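A structural walkthrough
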Amino acid sequence: LAAHKGTPTLSFRFFSGPLELHIRSKGRRKTPRWSRVLWLVRLSGLFFAALALVLLSPAIQPFPPAEAGRSSHLSGYFRFQPRQIPLAAASTVDAPLSFGFSFFRTAPPFRNADDCAPSGFVPGGLKARVSGVCDPSLVHIAMTLDSEYMRGSVAAVHSVLQHARCPESVFFHFLASEQGLAALVRSVFPQLRFKVYHFDPKRVRRLISPSVRRALEQPLNYARNYLAAVLEPCVRRVIYLDSDLVVVDDIAGLWGTNLGPHTVGAPEYCRANFTKYFTERFWADPRLADVFVGRPRRPCYFNTGVMVVDLGRWRRRGCTRKIERWMVVQRDEGRIYELGSLPPLLLEFAGRVAPVDHRWNQHGLGGDNVRGSCRELHPGPVSLLHWSGSGKPWARLDVGRACPLDALWAPYDLHGPSL
């Protein structure tokens, strides 16, 4: 309550400017009729605005995160939606970037060590970054990108940069079906060398058969099969990484894998029951099962979330076309497998995979599709932690039901405002 030209005034501020209530004092002239009408209009506006806020308040409360599954069962929850974001947004480490309903902080800059190979990259200017994709000194990493797994993707990229001795010599290739994600990546990682490639879901949707989990049927899960066709011909080797992992070692160690005569290198797990990845119908048909006969090594399971790929050999050997043929058999001739995008890659490569040390894929930390289960690390050194399975660390951390190893993922999380 304050004096305003001799008239007591009560001021409220609600969104758009002050609302003044003029209280008539005894002995003073009456307020004009038009002023009283204006007063009533303003007061009614305040009342209805407050009422709307009360009614809508439950709808703007945060929803508990669900178990992450790519574009599967989160349609009933608020999640950030892709939209165009100015590249200049969030230019400092402390400035959170708003992306729909989520916030991402900008990562600190990462610089090459003095002994890193010189690069043709010229800082600043999108043209220099894109044209530098053919630089022979680069380490190439491919990942898929979508709004639902963005938090995991950002953490994965952050972990690679943090542990790489030559982070400015790492080039990321992102395959995405949504628009607006490139601007988000640029805002979170202003110095990152990357390119986003559009992956049309129609390219593979007609080949996809129902799986044991709907999340495994999403077209983007199959994008890794098309890297050789999508990436520039000058990119002859690439590391493929899933979005639910963090790297805790210099990625150059994985990049230097000796593939020998093979197209793909990955950690293999020969103690796993390989027969369970295919149906009884498959093993009962010699025309199908004999595909593994005569391969140079025993066919073993390998997790396709971490692979080193010789794209030159992949192109020459027509691997994409062969994988698609197996998907057609599954679709048209009856079920020969159950697990989405994994079995076609096993059919093409199992038994002819260049071995990679198990330290580069400590997988299964998501519980292997068992909700609420927590896994321990496999014995031995660790260079990469992989939360394959239905449980994702960001979802469990947010609801206060984290597994012990989820704490190893948290330091790379750039989601949320600065603490």
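Residues numbered from 1 in each chain as written. Predicted model: local features only at pLDDT ≥ 70, side-chain atom pairs only at ≥ 80, totals over all residues. Heavy atoms only, no water.

Heads up, the rule is: UniProt positions are given in the numbering used here, feature names are shortened, and annotations may be inferred rather than shown by experiment.
The name an unreviewed UniProt entry gives the chain is Hexosyltransferase, with Colocasia esculenta as the organism. According to UniProt, the comment filed for the chain under the heading Pathway (unreviewed entry) is "Glycan metabolism; pectin biosynthesis."

**Section: the overall build of the chain**
The condition is simple: Helix and strand assignments follow DSSP, with helices taken as H or I runs no shorter than four residues and strands as E runs no shorter than two, numbered in order from the N terminus. Buried means the residue's accessible area, taken with a 1.4 Å probe over protein chains only, is under 20% of the maximum for its type, while exposed means over 50%, and partly exposed covers the values in between. In what follows, a contact means two residues having at least one pair of non-hydrogen atoms within 4.5 Å. A 1.4 Å probe and the Shrake-Rupley method give the accessible areas. Residues count as covered only by the protein chains that appear here.
A tally of regular secondary structure across the chain gives 13 helices and 16 strands. Every one of the 419 residues in the chain was classed for burial, and the buried ones make up 48%. Put simply, of all contacts in the chain between residues at least 6 apart along the chain, 70% involve residues at least 24 apart. Surface summary for the chain: the accessible area is close to 20900 Å², and the carbon and sulfur share equals 57%.

**Details of the sheet that holds strand 15 (residues 353-355)**
How we decide: The criterion for strand pairing is that DSSP finds at least two bridges linking the strands in question. To define axes, lines are fitted to C-alpha atoms, for helices over the stretch in contact only, and angles between the resulting N-to-C directions are given on a 0 to 180 degree scale.
Strand order in the open sheet formed by seven strands is 8-7-6-9-14-11-15, and the pairing between neighbours is mixed. Unpaired on one side and paired on the other, strand 8 (193-198) and strand 15 mark the two borders of the sheet. Looking at each pair of strands side by side, their axes are set apart by 25° on average, direction ignored. With seven bridges connecting them, strand 6 (residues 139-145) and strand 7 (residues 170-176) associate as parallel partners.

**Side note on the state of the cysteines**
Note the threshold: Any cysteine sulfur atom paired with another within 2.5 Å is treated as part of a disulfide.
Under the criterion given, the structure shown has four disulfides. Disulfide pairing places cysteine 116 opposite cysteine 166 at an S-S distance of 2.0 Å. Between cysteine 116 and cysteine 166, the disulfide has an S-S torsion of -95° and is therefore left-handed. Here cysteine 166 lies in the loop between helix 3 (150-163) and strand 7 and cysteine 116 lies in the loop between strand 5 (102-105) and helix 2 (126-131), a separation of 50 residues in the sequence. Between cysteine 134 and cysteine 234 runs a disulfide, and the two sulfur atoms are separated by 2.0 Å. Taking the torsion about the S-S bond as the criterion, the cysteine 134 to cysteine 234 disulfide, at about -80°, is left-handed. Separated by 100 residues along the polypeptide, cysteine 134 in the loop between helix 2 and strand 6 and cysteine 234 in the loop between helix 6 (227-230) and strand 9 (237-241) bring together distant segments of the chain. What connects to what in the chain, once the bonded cysteines are numbered by sequence position, is 1-3, 2-4, 5-6, 7-8.

**Description of the pairing of strand 7**
Quick note on the threshold: For crossovers, right-handed means that the path from the first strand over the helix to the second runs clockwise, given strands pointing away from the viewer.
In terms of residue burial, strand 7 counts as a mostly covered element, since seven of its seven residues are buried. Residues Val170, Phe172, Phe174 and Ala176 point to one face of strand 7 and Phe171, His173 and Leu175 to the other, with burial holding for every one of them. Following the backbone out of strand 6, through helix 3 and into the adjacent parallel strand 7, one traces a crossover that is right-handed. Where strand 7 lies against strand 8, six bridges are found, and the strand directions are parallel. What sits directly across from phenylalanine 172, in strand 8, is phenylalanine 194.

**Describing the pairing of strand 9**
Here strand 9 lies mainly inside the structure; four of its five residues are buried. As paired elements, strand 6 and strand 9 share two bridges and run parallel to each other. When the bridges of strand 9 are listed, isoleucine 141 appears paired with isoleucine 239. Two elements, strand 9 and strand 14 (residues 306-310), share five bridges in a ladder whose sense is antiparallel. Residue arginine 237 lies in a different strand from strand 14, and its bridge partner there is aspartate 310.

**Details of the nonpolar core**
As a reminder, the rule being used: Put simply, buried Ala, Val, Leu, Ile, Met, Phe, Trp, Tyr and Cys residues joined by side-chain atoms within 4.5 Å make one nonpolar core.
Ranked by size, the top nonpolar core spans 51 residues in total, and within it Leu231, Phe278, Phe282, Trp314 and Phe349 carry the most contacts. When sequence neighbours within four positions are dropped, the list of residues in contact with phenylalanine 349 reads Thr263, Val264, Arg295, Phe302, Trp314, Cys319 and Ile323. Counting 39 residues, the second largest nonpolar core, distinct from the first, contains Val157, Val188, Val247 and Val308.

**A short note on the packing of aromatic side chains**
What counts is decided by this rule: Any two rings among Phe, Tyr and Trp, with Trp reduced to its six-membered ring, count as a pair given centres within 6.5 Å; such a pair is stacked if its planes are under 30 degrees apart, edge-to-face if over 60, and tilted if neither.
What the rule picks out here adds up to 18 aromatic pairs. An angle of 55° between the planes, with centres 6.5 Å apart, marks the rings of phenylalanine 274 and tyrosine 277 as tilted. Tyrosine 277 carries the same exposure label as phenylalanine 274, and that label is buried. What links up through ring pairs into an aromatic cluster is the set Tyr269, Phe274, Tyr277, Phe278, Phe282, Trp283, Phe292 and Tyr301.

**Quick notes on a positive patch on the surface**
Just so we agree on the cut-off: By definition, no residue in a patch forms a salt bridge, and every one has over 30% relative accessible area; like charges are joined within 9 Å, nonpolar side chains (Val, Leu, Ile, Met, Phe, Trp, Tyr) within 5 Å. Note on definitions: salt bridges are taken to be side-chain nitrogens of Lys or Arg within 4 Å of carboxyl oxygens of Asp or Glu. Only four residue types enter the tally: Lys and Arg on the positive side, Asp and Glu on the negative side; His and the chain ends are excluded. Here the site of a charge means atom NZ of a Lys, CZ of an Arg, CG of an Asp or CD of a Glu.
Together, Arg236, Arg316, Arg317, Arg321, Lys322 and Arg325 give the surface a local cluster of positive charge. In terms of residue count, helix 11 (residues 319-333) provides more of the positive patch than any other element does, three residues in total. Inspection of the secondary structure puts arginine 316 in helix 10 (residues 311-317). Owing to a relative accessible area of 59%, arginine 316 belongs among the exposed residues under this scheme.

**Remarks on the pattern of salt bridges**
Using the criterion set out here, one finds 16 salt bridges in the structure. The partner of arginine 151 in a salt bridge is aspartate 398, and the shortest N-O contact between them spans 2.6 Å. A residue pair is termed long-range when its members are at least 10 positions apart, and arginine 151 in helix 3 and aspartate 398 in helix 13 (residues 393-398) qualify at 247 residues. Overall, aspartate 398 belongs to the partly exposed group, its relative accessible area being 42%. Here the residues in one salt-bridge network are Arg151, Asp398 and Asp413, joined through shared partners.

**A word on helix 12 (residues 342-349)**
Of all eight residues making up helix 12, eight are buried, and the element is well covered by its neighbours. Here helix 12 has its buried residues at Leu342, Pro343, Pro344, Leu345, Leu346, Leu347, Glu348 and Phe349. Glycine 351 occupies a position one or two residues after helix 12 and carries a positive phi of about 95°.

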